[in-house]
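The residues making up each chain are set out below.
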Amino acid sequence: MAKIYDQVYFDDKIIPLSEANLSVASSAVLYGLSVYTVFPLAPIEKKLAVFRLNDHYNRLVDSARIIGIDTFETKWNLDQFKKAVETLATINKIKERAFVRATIHVTDLVPGVRSRGLKTKLSMFAYEAKAIVPQDGARLKTSVWRRIPDYAIPSRAKVNGAYVNSVLGKQDAIDSGYDDCLFLDSFGHVCELSAANIFIVRDGVLITPERSNDILEGINRKTVLELAKEMNISIIERTIDLTELYIADEVFACGTSAFVAPIIEIDARKIKNCPGPITKKLREKINTVFNEKGVLSEKYLTFLS
């Protein structure tokens, strides 16, 4: 289990983690009606820096819009959000790399299955930046469960209740002796892991499922694509068949909590290279964002005061 910092930002104030509670009669608890984002922060030259803060705030807002949660955006803007992150980091005296989970909870009591015009509260807590999949070679099992399609619950919105799908997939994989699951969509095409995007390399080309394949439009996915373009690596976003992964030269997962994780095996089939040369290059490049202050840091990081 990851260590959680003691103080939490909840309902416009800092309180102990043990006191940050929601009613059992709230929409957040009854229907899973919350949306969230997770982002890393880390110290660089005695200042804390947040990775792609604007993108994470925008995704939180977009997730709320998709679900129809319409009261958060009227109260919160990017500057207020940044100040809340600063307050959380300062009060917890964070001095190492950590993750922050920010969540919009719908807190009206027994309002029925609706989302508009309901009260919301923002929570943020920080916790230890531990990887959710092995970093030296993860083993995946194609899930017996299919990824929820966009026409049911949209994957591009990070909705708490939708993660029951991820729980089902990952628990089945763990029960079968694997590290994580590989989700397919309703047509049998590759989507993602339980909580990470996936890339493959074939003949020197970096390939990943396109955004219409019921995937989360991951911020780390976006970063990998941007860095690959800068490094003159050929990129294709398209539909991927499961059997393409079996014969890929490289496969890796990426995400805030997955980092860039090479995949060593899928469905008892060994991947040719783990990690392969392109995986290594991209992992090294993305790691420099937090390891040195330079062009990448200026582009991707927001420094807290």
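Residues numbered from 1 in each chain as written. Predicted model: local features only at pLDDT ≥ 70, side-chain atom pairs only at ≥ 80, totals over all residues. Heavy atoms only, no water.

**Student:** Any chance you could break down the overall build of the protein chain for me, citing the residues and the numbers?
**Tutor:** Scanning the protein chain for helices and strands turns up nine helices and 15 strands. Principal-axis analysis of the C-alpha atoms gives the protein chain an extent of 50 × 45 × 30 Å. Buried positions account for 53% of the 305 residues belonging to the protein chain. A separation of at least 24 residues holds for 70% of the contacts in the protein chain among residues at least 6 apart in sequence. Split by element, the accessible area of the protein chain, about 13,900 Å² in all, is 51% carbon and sulfur. With 41 positive and 38 negative side-chain charges, the protein chain shows a separation of 3 Å between the mean positions of the two kinds. (Helix = DSSP H or I, 4+ residues; strand = E, 2+ residues; numbered from the N terminus. Buried < 20%, exposed > 50% of the residue type's maximum accessible area, 1.4 Å probe, protein only. Contact = heavy atoms within 4.5 Å. Areas by Shrake-Rupley, 256 points an atom, 1.4 Å probe, with all protein chains shown as cover. Lys, Arg positive; Asp, Glu negative; His and termini not counted. Charge placed at Lys NZ, Arg CZ, Asp CG, Glu CD.)

**Student:** Go over the pattern of salt bridges with me, naming the residues and quoting the values.
**Tutor:** Taken as a whole and judged by the stated rule, the model has 19 salt bridges. One salt bridge connects Glu73 with Arg65, and the closest N-O pair in it is separated by 2.6 Å. With relative accessibility at 37%, the residue Glu73 sits in the partly exposed group. A salt bridge links Lys270 to Glu265, with the shortest nitrogen-to-oxygen separation between them at 3.1 Å. Judged by its relative accessible area of 57%, Lys270 falls in the exposed class. Classification of Glu265 as buried rests on a relative accessible area of 8%. Here the salt bridges do not stand alone but share partners, grouping Arg52, Asp55, Lys222 and Glu226 into one network. (Salt bridge = Lys/Arg side-chain N within 4 Å of Asp/Glu carboxyl O.)

**Student:** Help me get a handle on the packing of helix H2 (residues 53–67) against helix H4 (residues 78–91), residues and values and all.
**Tutor:** Packing of H2 against H4 brings their axes to within 10 Å, and their N-to-C directions diverge by 115 degrees. In terms of orientation, H2 and H4 fall into the roughly perpendicular class. At the point where H2 passes H4, the crossing takes the right-handed sense. For the pair formed by H2 and H4, the contact residues are Leu53, Asn54, Tyr57 and Leu60 on the first element and Leu78, Phe81, Lys82 and Val85 on the second. Residues belonging to the contact of H2 with H4 are distributed by class as follows: six nonpolar, one polar and one charged. (Axes fitted to C-alpha atoms, helices over the stretch in contact; angles between N-to-C directions. Parallel < 35°, antiparallel > 145°, perpendicular 65-115°, else oblique. Left-handed = near helix turned anticlockwise from the far one by under 90°. Nonpolar A, V, L, I, M, F, W, Y, C, P; charged D, E, K, R; others polar.)

**Student:** Would you mind going over the pairing of strand S5 (residues 98–106) in detail, with residue names and values included?
**Tutor:** Within S5, eight of the nine residues are buried, which leaves the element mostly enclosed by the surrounding structure. Bridging between strand S3 (residues 34–44) and S5 involves eight bridges; their strand directions are antiparallel. Note that in S5 the partner of Pro40 across the bridge is Phe99. One ladder, built from nine bridges, connects S5 with strand S6 (residues 120–128); its direction is antiparallel. (Pairing = 2+ DSSP bridges.)

**Student:** Can you explain the packing of aromatic side chains? Please cite residues and give values.
**Tutor:** The way to describe two aromatic rings as a pair is by their centre distance and the angle between their planes. Scanning the entire structure with this criterion turns up ten aromatic pairs. On the basis of an interplanar angle of 75 degrees and a centroid distance of 6.1 Å, the ring pair of Tyr9 and Trp76 is categorised as edge-to-face. Here the residue Tyr9 occupies a position in strand S1 (residues 7–10), and Trp76 occupies one in the loop between helix H3 (72–75) and H4, the gap between them amounting to 67 residues. Both residues of the pair, Tyr9 and Trp76, count as buried. An aromatic cluster is defined as three or more aromatic residues linked by ring pairs; in this entry it consists of Phe99, Phe125, Tyr127 and Phe259. Over the ring of Tyr36 we find Arg101; its NZ or CZ atom is 3.5 Å from the centre of that ring. If you follow Arg139 out to its NZ or CZ, it ends over the ring of Tyr178, 4.5 Å from the centre. (Phe/Tyr/Trp six-rings, centres within 6.5 Å; stacked < 30°, edge-to-face > 60°. Lys NZ or Arg CZ within 6 Å of the ring centre and 35° of its normal.)

**Student:** How would you sum up the sheet that holds strand S4 (residues 47–51)? Please name residues and give values.
**Tutor:** On the basis of which strands lie adjacent, the open sheet formed by seven strands has the order S2-S1-S6-S5-S3-S4-S15 and antiparallel pairing. The sheet is open, and its two edges are formed by strand S2 (13–16) and strand S15 (301–303), each paired on a single side. Here the strands of the sheet are splayed against their neighbours by 30 degrees on average, with no regard to which way each runs. For S3 and S4, the ladder comprises four bridges, and the chain directions are antiparallel. For Ala42, the partnering residue across the bridge sits in S4 and is Ala49.

Any functional reading would require information that these geometric values do not contain.
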